[in-house]
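Coordinates in review
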Amino acid sequence: MITNGCMLKSFKVTEEKGNPLPPQREKKPKTSPCVLRCGTAYGNLLAMDDISAEWMTSPVRDCGSDNDVSNDDDDEDDEEEEPIRKRSKWPDLPIPAPWYGETSKETGFHRSSRLCLNQIRECLLEHRWQEAAEYLISYFQTLEEISTPRQLLATEIIFRLGSEILHQHPNSKLEDVNHFFDLMKNTGVRGYLKISLEHSFHLLLTGNFDDAVRQLTTAESWRYGKQSAVQADKMKLIHAYRGFLSYLSWISKKGSSSEDDDGDVSAIQEMHTYFRQACISLQEILKLPGVWDPFVVGYVNMLEFYNDHEGALNVLKEYAYDSRFPPNPNAHVYLYRFLKRQGSTEKKQIRVLKILGALVPSHELMLELFSLLLESGTEQSLKEALDVLFNLLDDCSWKHSVAAWTCFRNMIKLLRRKKLKHLLEEGWETRKDWWPAFHFRTYHARADFQLSRQLLLMKVVVASTLVGNKCMYCRRKNELENEREARRMIKTHKKRKR
Amino acid sequence: MDSKFPDQLFPVFYYTGPPKKKADCPVHAWGLHGHVYGNDSGSAEVADWSFLAQRKVNGPTWAPVESIVAPLLPPKSVNKWSSRHLPSAMDFPKHMQNFYLYKSEDAFSTMNHLLEDHFDFGSGELKECMKKTTVSMKNMERFMSSAKFIKCPLKPFEKRASLYNNLLGDVIHDIPPGLLGELLYEELTLQREEKQFNEVATGGALGFFLISTSNTSQEGCLVYPRKAALNSLNFHKVVVEFQENIPRPKFMNKPINYGVNGTIRQVSVGPMEESVYVGVRTDYNCGVWVATSAQKPQPLDVVNTQERATCLTVSPHMPGELLVASESGVAYLWTVGRSLQKFREEEGNLYFNAKSPWRWCDFSAHPRVMLYADRTGLELSDIRSKETCSHTVFRIGATSGCKSGERVILSRYLCNVNTHHHLVTTQHSAYIMDERFPCLPMIKWDHMMASPPMFAQAVGTASQHQNTVILGSQSSQELTLLQYSGGNAVAAQVLGAPQKLSCPMKSLADLPVQIPHRQKNVQERLTVPAAGIASIYYDKEESLCVLQLSEVGDIFYQTLRPASQDSLQAAHKEMLNEDSVTEQSGSSPQESQESVNNPRTNIVSQSKCKIVSQSDCPPETSDARIHGINEPCVNMILNPLTEQEDVSLSKDIPRPAKVSKATLLKWKSWLNVLRNGQRSTPRYSQLHWTLKTKDHFTFDGKPRDILGKDQITSLRNNMREVMEKKSVLTCGATSLSPPEVLPTPHPVDTQSWGDDLSQRLSVSWEGGWKDWWEEKLGLNREKRIEELRRKRRRLKRTRGPRVALSGSFTTSASYQSDLDGWSSAVSDFGGQDPDLDSSTFSGYLSTQEDSAEPERTGRVLQHEPKGSKLSSEEKSNVTLSRNKAKMPKDPSQEGNPKAPKQLKQDYMSALFSSQEEVVDAGTEGTDFFFPMSLSSQVSSISNSQRKPSLGPFSQSSQSSKQGKKRARMGF
């Protein structure tokens, strides 16, 4: 057929020509003061992500991604090119490959195992655990898979599904779970650490503390040739949890030894052993970037007990200020609390809280910062305190907080007294176009009144100062107050009648 | 208290860089606890500590009240809804072929006009001067006529075709084929892509806002698009009422609708304060409506975007503020009544080049800090400062444990759940991000959905401190329910495993079976992709209603209630009590014990429950009421589900089946409306040439069976019983009177048929056909004569010369049986028997050419004029009257006095054509003079009277009578 021939030819031509989309200039991540440290390592890694993304997105196209990496220098070229605004020719969104779909070269064995897995999935998604359990029994035959990657995958799948079913199945017992975990641990070497950790979590959650410790100790001593990165991380976690559990044992020992003051030497000895164990493991994990809130709290607690304040402060500072770590508000909270416990100077405390405030302006410790700043009393600190308050009330989670509005009311009073109302003006300048709608509508007056009268009264003071006496909020407040008065009058009137 | 931040978070490694994981293991949603930390309760005893797992395995669950969804609105008849068939990009030659064949005007019109003068179509005389430049189209036409065959139109003319192509291939097309092919390929790719994932629908075009709540009901307003193109915005009041302890949404009054210029892609509803703002996004326009609980919704403002708008969000904080983002990469703050304020513009994608113009924006806990998102991540940007000051909230990378290829599909600010939480969905996972601690997700689910979730709803249930997130996907219609708790005082915790809710596509399995083509129709309608979801939470009687909108405007809903173990057990026990059926094979006592413990998983009893509910509503009454007609096939299929079979069936029905009568009725009326709405399909009605048979089979409308209605119903019951027993329905089992016993016909007496044909046939049946003909044609004449002579000689010898010649003749007549046909033909020749076949005899004589017996030929000649005197008219009349007399016996012809004329003609034609055939056959062999004259006359008549075509009936009657007519032929 001529037409078809023509078509195919032309299609081939287009395929050859197939202009890659104009290369997109590598975008530098924008970092803000608060998230400074999460963006450091990204710059050069982004390009890599791009490549990996390319691999996934459009296997049809093979150019383009290279350009993205190399074109960082020649900006002019890029600007001349058409931007990517137009709908791209090629799918820009990778739809997840239907792994559960049929593949071309599929043996009967694979087919039946795929169908079986689909059935189990359906059952689990609809929470039919018993049926899923029946299917899983048949699914065990996938372990007979010859190819190693598939076998590993099968082990992983069986472990996941099996443990889920055992957790949810009405008839499952702890022994069954233990048995299953033990079996799965040795089905594939790679899963050993993960399953051990999971097993100990399960034991912890079911209240078998000692068994959990035993599990972790066994896993700690596990050695197997070369470890993958994932396994190494798992090993670190196992150490950390082992240390954490030692810390918990240490607490219990501490509690029991303090109860009977006899000073049982062996008990103290044991406590020390736990302390040493916990120290070593927790120290290790705290060096790695991550969120280690429970570990840090435990470690600092122990150090404080043994009067190593310097060490504890170092740990906390490291945890809060190391740029490799994520911007965890809790790190600053722990540091502040530690300083407060140690009775350090207000200046230090304020400094820590200010950093926290930059990170999370709506943190509840901001009220403490406010009072600390208020105490220092200088004009500068008053200005800062006012800023803290304004920022706090910008956030909608503090909208109905009586405490915050009371602080604001007090602040206004103080400023009036000190004749520093211009500070208020400064803060108000950026907010006057949206605070009335955000805080002081008639709807808010009614809602606040229903919530608490105290809140209404506090807010009215602020509103009348900031917006003016004739604002909607104040007018509505007066109406509500009058209504309330009238109702009370009626009530008392009725009572008198009786 | 949303202002609190968790005291401790779960331990997690902080990785940076691109995603490392591959999307391989499909079961990540299950099995792991994640991480654990101990709650330091201050107690000394280890046993007193409570440990928190990142994933609490046994969470509270929602149980669907019914196993299927129910339609909320009657279906709108939509001319065409696209099937789920994905177009393949390599199909473009087929599409081009169609274009050339069926839209030739568009494909070739320009060249057609130019070349018009130079082609001669044989119409009219050609001018002398034109002759040289004109091509005749005769050949061309022939070539074109063959092009009707779709299969390969050009094959028989391959050579000529290629010649024409060489000559004209470059110029004849209006659109160059290369370009057309390229464009088509592109378009098909795009269409396929859009079918798989149409990003314009992100967010969903279904909205709901609450108006008032009372102890027994809840009133709200549903905002949904309607009409075929989804271009009519409807505000419809919905009341959720409790009927038999099941909450059901019900529409009140009539909807208020507004026409919108374009398909509604997204409906965004703000929180209900004094008034509620409803934003509506179409491809290039965004509009905003305002509604209060008392007044009807009013349109406020419309904006127009240059590029396609991708997002519209109504502010949860400030009335009349919206965010608009478009494919140009610009995001605006739109304050109603004022112009748009641009707050962010991004040429490319945020973190890496994902080649996607899709942009999204949303609000955050701070009313002046907006969330700006694209496929690569989410950023918070402060709109107060002139310079773009932005913080990363989420990015595709190793930090949040993304897989390679993962992209942001949707983000949603969960204001009503936690003021700092954002939901981010990707193809594989759903994340809860806390804007106070960006980058690291507070919660990560693997949602296990087949297609990416584009719609999301979050419900915060205050009583149990659990937050429910419902994700909806577009093409696969999936609905997944996820739950989490915490995020304030304690770290956020996943509750339970993801739960799949039922979708319209799968509801069909639980509905009564339809006739196959209707079933297919309904199935196609129900598999239309989803276009939005909404949820109605009723906190007084804790229940959650999930609504799902489809791309053709159907809305389905399902109700969920918290599944406490006790209530489930009670419900299950009730079910068991209702069932008298004992546990049958395949379920051991242990299993039945299990089923009591966890009724949701007990398949056997649930399938029974389905049967109970189905037999609860008698199919006859309900069917008759809903469909207007009886559908016996449905009844037949429904009813065999009895005790005998349910054990085997229970293995096949895995889903918990529990459908109430009310829902079934709703579905039935829905299906009914759907069926009536699309009755006419004119495209296919005239595909083949049909002959009207109305006049042949007139049916006066009386029922064919004389049975009364009672008898029919009793018969049906009998039938059902018999089917249950798997036996045969006999007359004795019914209330009918036994049928008349017909006497067996008498054995055939071949001797009674004197005519030649019958004799020949009976003889040939016994294998004597050849002999018969030999005897008939006289081929054995000499042999016989010889034999006869011998016999006579023998007689002479025995009797001597006393016997006279005349005596010998009489004896020969008396020996008729011995001498068979030959002697009888000779002896009875002059007789008056009317059945005598003169034509065969004359034929025999003429072939014989035997003039040895002159007196015989003389007799024959005498006989002949006698037959020819009869006019052919008379003859045909005679036959006709005979036929007529016989006709009424034909059962199918009974009761047809209306069209005798027509009938006559039919009979005539049938008669003549049959005679003609036979006569023609006869003339081939022998030389018949008498019938020849008749047939020529007859055929001249029949030619003028015969109808151009004959229905199947007349033909069959013809063939059935042929046998008889053949016998009469020589009349």
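The text that follows walks through the structure, step by step, so that each part is easy to find. (Residues numbered from 1 in each chain as written. Chains lettered and ligands numbered in written order. Predicted model: local features only at pLDDT ≥ 70, side-chain atom pairs only at ≥ 80, totals over all residues. Heavy atoms only, no water.)

Topic: the overall build of chain A
- In terms of regular secondary structure, chain A is built from 24 helices and one strand.
- Taking as baseline every contact in chain A between residues at least 6 positions apart, the subset at least 24 positions apart corresponds to 59%.
- Of the roughly 25,000 Å² of accessible surface on chain A, a fraction of 53% belongs to carbon and sulfur atoms. (Helix = DSSP H or I, 4+ residues; strand = E, 2+ residues; numbered from the N terminus. Contact = heavy atoms within 4.5 Å. Areas by Shrake-Rupley, 256 points an atom, 1.4 Å probe, with all protein chains shown as cover.)

Brief notes about the sheet that holds strand β15 (residues 285–292) of chain B
All names here are of chain B.
- Taken in spatial order, the four strands of this open sheet run β13-β14-β15-β16, and their pairing is antiparallel. Each of the sheet's edge strands pairs with one partner strand only, and the pair in question is β13 (266–269) and β16 (298–304). Taking the axes of each pair of neighbouring strands and ignoring which way they run, one obtains an average angle of 20° across the sheet.
- In this structure, β13 lies alongside strand β14 (residues 275–281), joined through four bridges in antiparallel fashion. Bridge pairing links S268 to G279 in β14. (Pairing = 2+ DSSP bridges. Axes fitted to C-alpha atoms, helices over the stretch in contact; angles between N-to-C directions.)

Describing the sheet that holds strand β24 (residues 390–395) of chain B
Residue and element names in this part refer to chain B.
- An order of β21-β22-β23-β24 is seen for the four strands of this open sheet, with the pairing classed as antiparallel. What marks the edges here is a single partner per strand, and that holds for β21 (360–363) and β24. Here the strands of the sheet are splayed against their neighbours by 25° on average, with no regard to which way each runs.
- In this sheet, strand β22 (residues 369–374) lies alongside β21 in antiparallel orientation, the contact comprising four bridges. Along β22, the bridge assignment pairs W360 with A373.

A closer look at the pattern of salt bridges
- Enumeration according to the criterion identifies 48 salt bridges over all chains in this entry.
- Between D322(A) and R324(A) there is a salt bridge; the shortest N-O distance is 3.1 Å.
- When its relative accessible area of 41% is taken as the criterion, R324(A) is described as partly exposed.
- The partner of K403(B) in a salt bridge is D446(B), with the nearest N and O atoms 3.5 Å apart. In this pair, K403(B) is assigned in the loop between β24 and β25 (408–413) and D446(B) in strand β28 (residues 443–446), connecting sequence segments 43 residues apart. (Salt bridge = Lys/Arg side-chain N within 4 Å of Asp/Glu carboxyl O. Buried < 20%, exposed > 50% of the residue type's maximum accessible area, 1.4 Å probe, protein only.)

Observations concerning helix α14 (residues 309–321) of chain A
Residues and elements named next belong to chain A.
- For α14, spanning 13 residues, the distance from its first C-alpha to its last is 18 Å, which sits close to the expected 18 Å at 1.5 Å a residue.
- Looking only at α14, the buried set comprises G311, A312, L313, V315, L316, Y319 and A320.
- At its buried positions, α14 is contacted by α12 (265–286), β1 (290–291), α13 (293–305) and α15 (329–342). (Expected span 1.5 Å × (residues − 1).)

Describing the side chain of S535(B)
All names here are of chain B.
- You can see S535 is positioned in strand β33 (residues 530–538).
- Exposure remark for S535: the relative accessible area of 12% places this residue in the buried category.
- Of the polar contacts made by the side chain of S535, one reaches the side chain of Q457; its length is 3.1 Å.
- What S535 contacts, discounting residues up to four positions off in sequence, is F208, Q457, V459, I470, L544, C545 and V546. (Polar contact = N/O pair within 3.5 Å; in protein donor to acceptor, adjacent residues only side chain to side chain.)

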